[in-house]
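Examination of the molecular architecture
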Amino acid sequence: MTEPQDPPFDVPAPDPAPTADPTFADLGLRPESLRALDALGYEEPTPIQREAIPPLVAGHDLLGQAATGTGKTAAFALPILERLAGPAADPVALVLVPTRELAVQVSEAVYRYGRNLGAEVLPVYGGQPIVHQLKVLKRGVHVLVGTPGRVVDHLQRGTLPVDGIELVVLDEADEMLDMGFAEEIDTILEALPSERQTVLFSATMPPRIASIAKKHLTDPVRIEIRREEPAEGEAPRVRQAAYFVARNHKAAALGRILDVESPGAAIVFCKTRGEVDELTETLNGRGYRAEALHGGMDQEQRDRVMGRLRSQTADLLVATDVAARGLDVDHLTHVVNFDVPSAPESYVHRIGRVGRAGREGVAITLAEPRQRRLLSNIERLTRQTIAIEKIPTVSDLRARQMELTLDQVREALEGGGDLDRFRAVVDALADEFDVVDVALAAVKLVHEASGATDDDEEIPDLASRPDKKGKGKDRPWDDDRGGKGPKGKHASKHGKGDQPFRKGDRGPRGPKGDVARLYFGVGRNERVRPQDLVGAIAGETGLRGDEIGAIRIFDRFSLVEVPEASVDHVIDAMKRTSIRNRRAPVRRDRDEQ
Ligand code: AMP
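Every value quoted in this text rests on a predicted model; they were computed, and no experiment measured them. (Residues numbered from 1 in each chain as written. Predicted model: local features only at pLDDT ≥ 70, side-chain atom pairs only at ≥ 80, totals over all residues. Heavy atoms only, no water.)

Digging into the overall build of the protein
Regarding its fold elements, the protein presents 22 helices and 20 strands. Across the 593 residues of the protein, 51% fall into the buried class. Taking contacts inside the protein between residues at least 6 apart in sequence as the whole, the part at least 24 apart equals 78%. Surface exposure of the protein reaches about 27,700 Å², of which carbon and sulfur atoms provide 50%. (Helix = DSSP H or I, 4+ residues; strand = E, 2+ residues; numbered from the N terminus. Buried < 20%, exposed > 50% of the residue type's maximum accessible area, 1.4 Å probe, protein only. Contact = heavy atoms within 4.5 Å. Areas by Shrake-Rupley, 256 points an atom, 1.4 Å probe, with all protein chains shown as cover.)

So, the nonpolar core
For soluble globular proteins, the rule of thumb is that nonpolar side chains tend to be buried together. By size, the foremost hydrophobic cluster in this structure holds 41 residues, and its most contacted members are Leu78 and Val95. When contributions to this core are tallied by element, the ones reaching two or more residues are α2 (47-57), α3 (72-82), β2 (93-96), α4 (100-113), β4 (143-146), β5 (167-170) and β6 (197-202). With near-sequence residues (within four places) excluded, Leu78 lies in contact with Phe24, Leu29, Ser33, Leu37, Ile53 and Tyr113. By size, the runner-up hydrophobic cluster in this structure holds 30 residues, among which are Leu96, Val152, Ala173 and Ile209. (Core = buried A, V, L, I, M, F, W, Y, C linked by side-chain atoms within 4.5 Å.)

Focus on the packing of aromatic side chains
Counted by the stated rule, this structure contains three aromatic pairs. Taking the centre distance of 6.1 Å and the plane angle of 35° together, the rings of Phe76 and Phe201 count as tilted. With Phe76 in helix α3 and Phe201 in strand β6, this pair connects stretches of sequence that are 125 residues apart. Phe201 carries the same exposure label as Phe76, and that label is buried. Consider the rings of Tyr519 and Phe557, whose centres lie 5.4 Å apart with planes at 25°: the pair is stacked. Placement of the pair is Tyr519 in strand β15 (residues 515-520) and Phe557 in the loop between β16 (551-553) and β17 (558-563), with a sequence separation of 38 residues. Sitting over the face of the ring of Phe338, Lys250 holds its NZ or CZ atom 5.3 Å from the ring centroid. (Phe/Tyr/Trp six-rings, centres within 6.5 Å; stacked < 30°, edge-to-face > 60°. Lys NZ or Arg CZ within 6 Å of the ring centre and 35° of its normal.)

Here's the deal with the pairing of β17
Of all six residues in β17, five are buried; the element is thus mostly enclosed. In this structure, β15 lies alongside β17, joined through six bridges in antiparallel fashion. Among the inter-strand pairings, Val515 is bridged to a residue of β17, identified as Pro563. The pairing of β16 with β17 spans three bridges and is classified as antiparallel. Following the sheet pairing, Arg552 is matched in β17 by Leu559. Hairpin connection between β16 and β17: a loop of four residues separates the two successive antiparallel strands. (Pairing = 2+ DSSP bridges.)

Some points on the pairing of strand β3 (residues 121-124)
Residue alternation in β3 divides its side chains into two sets, Val121 and Pro123 and Leu122 and Val124, and both sets are buried. Following the chain from β3 across helix α5 (residues 130-139) to the adjacent parallel β4, one finds a crossover that is right-handed. (Right-handed = clockwise from strand over helix to strand, strands pointing away.)

Quick look at the confidence of the model for the protein
Low pLDDT means the predicted atomic positions in that stretch should not be read closely. Per-residue confidence for the protein gives a mean pLDDT of 79; residues scoring 70 or more make up 81%. Overall, residues 1-19 carries pLDDT values under 50, and its contacts beyond four positions in sequence, including any with other chains, amount to 40 contacts. The low-confidence segment residues 227-236, where pLDDT is below 50, has 15 contacts with residues more than four positions distant or belonging to other chains. (pLDDT = per-residue confidence, 0-100.)

A short note on the pattern of salt bridges
Under the definition given, this model contains 18 salt bridges. Across the pair Asp153 and Arg150 runs a salt bridge, and its minimum N-O distance is 3.6 Å. In this pair, Asp153 and Arg150 both sit in helix α6 (residues 148-157), three residues apart, roughly one turn of the helix. By relative accessible area, which is 28% here, Asp153 ends up partly exposed. Arg423 is the partner of Asp420 in a salt bridge, and the nearest nitrogen-oxygen pair spans 3.0 Å. When salt bridges that share partners are traced, they join Arg247, Lys250, Asp339, Glu368 and Glu540 into one network. (Salt bridge = Lys/Arg side-chain N within 4 Å of Asp/Glu carboxyl O.)

Brief notes about the side chain of Gln371
Mapped onto the fold, Gln371 is located in the loop between β13 (361-367) and α15 (372-382). You can call Gln371 buried: its relative accessible area is 10%. In this structure the side chain of Gln371 is engaged in a polar contact, spanning 3.4 Å, whose partner is the side chain of Asp339. (Polar contact = N/O pair within 3.5 Å; in protein donor to acceptor, adjacent residues only side chain to side chain.)

Concerning the sheet that holds β17
What the four strands build is an open sheet, ordered β16-β17-β15-β20; its pairing is antiparallel. The open sheet terminates on both sides in strands that have one partner only, identified here as β16 and β20 (586-588). Strand-to-strand twist in this sheet, taken as the mean axis angle between neighbours without regard to direction, amounts to 25°. Relative to β20, β15 runs antiparallel, the two sharing three bridges. Directly across from Tyr519, in β20, lies its bridge partner Arg587. Lying over the sheet, helix α21 (residues 530-541) contacts β15, β16 and β17, oriented at roughly 130° with respect to β16. Against the sheet, helix α22 (residues 567-575) touches β15, β17 and β20, its axis set at about 165° to β20. (Axes fitted to C-alpha atoms, helices over the stretch in contact; angles between N-to-C directions.)

Looking at the packing of α5 against α6
In contact at an axis separation of 12 Å, α5 and α6 are set at 65° when each is read in the N-to-C sense. Relative to α6, α5 is oriented roughly perpendicular. Note that α5 runs across α6; the crossing there is right-handed. Contacts from Ile130, Gln133, Leu134 and Leu137 of α5 reach α6 at Arg150, Asp153, His154 and Arg157. When its residues are assigned to classes, the contact of α5 with α6 shows three nonpolar, two polar and three charged. (Parallel < 35°, antiparallel > 145°, perpendicular 65-115°, else oblique. Left-handed = near helix turned anticlockwise from the far one by under 90°. Nonpolar A, V, L, I, M, F, W, Y, C, P; charged D, E, K, R; others polar.)

As structure tokens, this is what we get:
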């Protein structure tokens with residue numbers, strides 16, 4: 001009936017994943033780390049990991065210019081793990097970070113990468129009871145991750161054994177200086193053994209950073225994660241849109257966006273194999289013919305996917321960067337970043353797959369609120385604006401589905417021809433029913449048969465949250481802590497604002513206004529720590545760490561204070577999330593009701 005058309009994807013010759021880039025194994029990492037990375041679904045090192053890991057493993061000092069989101073944490077965490085030998089005693093590595101959120105985040109990353117080595121990591125930051133830190137320090141840790149203020153505290157109390165420290169990392173050094181930690185950093189570095197290895201990462205390299213580097217680093221390897229400028233006049237004709245959504249709503253949001261966009265052929269990029277598999281399943285459940293493609297698949301499986309693409313039995317390809325690399329994809333209408341890519345260059349490569357040969361293309365990015373800074377980096381690199389759009393609401397979706405049904409019926413009417421075949425059916429029904437009712441029933445059947453999904457759950461759109469409160473990108477959870485913004489941005493904002501900026505660690509400020517207490521059915525018995533709760537809530541809901549109030553952990557449950565206005569959102573998000581690998585019942589605390 002229909003003429004064969006060009007397949008939406010041009011499929012290359014049999015070897016689809018050629019790669020000359022080094023793998024994690026090529027970087028000389030120990031097998032335990034390789035297994036952990038594999039389990040996390042990391043397929044290949046990011047540029048910063050490729051450049052930083054070998055010299056760090058070889059023991060060099062390093063001065064690196066790289067922003068958050070580039071995979072910087074693993075770039076220093078993996079070399080630290082190379083130094084672990086035997087059970088935890090005095091710390092062998094110290095990582096200094098500007099905020100407690102980052103301390104928790106980095107600790108969790110080191111723990112994840114080092115799980116096969118039994119890595120013991122302790123985050124130390126102001127506001128957390130020091131007794132707990134003392135107890136763990138006494139028991140022994142491999143790696144200490146702390147904010148400068150609290151680390152100096154420990155030094156002054158004599159509770160931080162420094163003699164065993166072989167490696168120190170200053171992470172987000174420009175940010176630490178912006179926060180007024182220059183003196184503390186000096187004090188700490190002076191207190192450490194002089195034979196140590198020193199690593200400094202900073203998003204920017206102002207003279208103050210250069211002078212710290214000059215004073216404290218020895219013959220460092222310098223790394224700058226270069227930005228690949230798109231060639232003049234080569235900017236693809238691509239509509240670029242981003243949506244802000246909590247992690248647990250991402251798949252639903254994507255389904256809805258795709259329903260409204262109705263792509264001809266799309267490729268959805270994910271970071272890890274696990275994400276690829278999970279999302280493929282979700283999209284198939286939503287009526288899309290989605291195919292997974294990742295590096296973990298054997299040749300036969302890949303061939304099968306290619307075959308289905310060639311025959312157009314699939315309309316979405318869900319892939320990791322590595323798997324898509326050998327694939328020359330043509331006639332694509334949409335590229336979707338299910339996550340903001342870690343390297344801005346990879347964003348440019350991905351969206352370069354649409355808008356070819358003068359065709360219009362669409363690039364869609366799903367971002368979590370904390371990834372705002374990554375998006376700004378990309379905008380700076382591409383010198384193009386990414387429009388922040390609203391996730392289609394249930395009524396947007398319904399309207400769009402109706403529009404598609406209307407188009408289908410109109411096409412059938414205008415196509416004329418073989419409608420007469422159905423006249424006998426309409427005539428028979430017209431004796432019994434009103435003709436308009438007959439038409440309505442027929443349209444309903446068309447509508448349902450075209451796969452209109454029964455999707456009636458509103459998805460919280462987080463795009464407008466930061467601005468609503470008038471704090472914009474200056475909120476710490478935005479991940480937009482300084483970077484390339486105007487100098488002194490933080491100092492001045494915090495200095496004048498209602499949350500005074502203090503030198504030293506920032507203690508928990510707690511929620512403003514009405515507060516509600518939530519009950520979580522996990523506690524000390526499950527080894528839940530305050531940072532597990534803060535990390536999970538902040539990560540899943542976009543609440544800032546300082547919007548989360550008092551946390552009390554009991555044997556079998558925990559109580560956490562959150563702003564009253566966010567209660568439903570938090571409960572909803574946390575029901576779908578696990579804490580320390582457990583799904584915990586969560587509800588408003590009974591005592592409070
Ligand atoms: P970071 O810049 O360290 O904050 O990392 C940003 C994100 O990238 C984190 O979610 C990491 O889990 C993830 N990530 C880091 N390295 C890789 C990699 N090689 N492959 C996939 N994801 C990665």
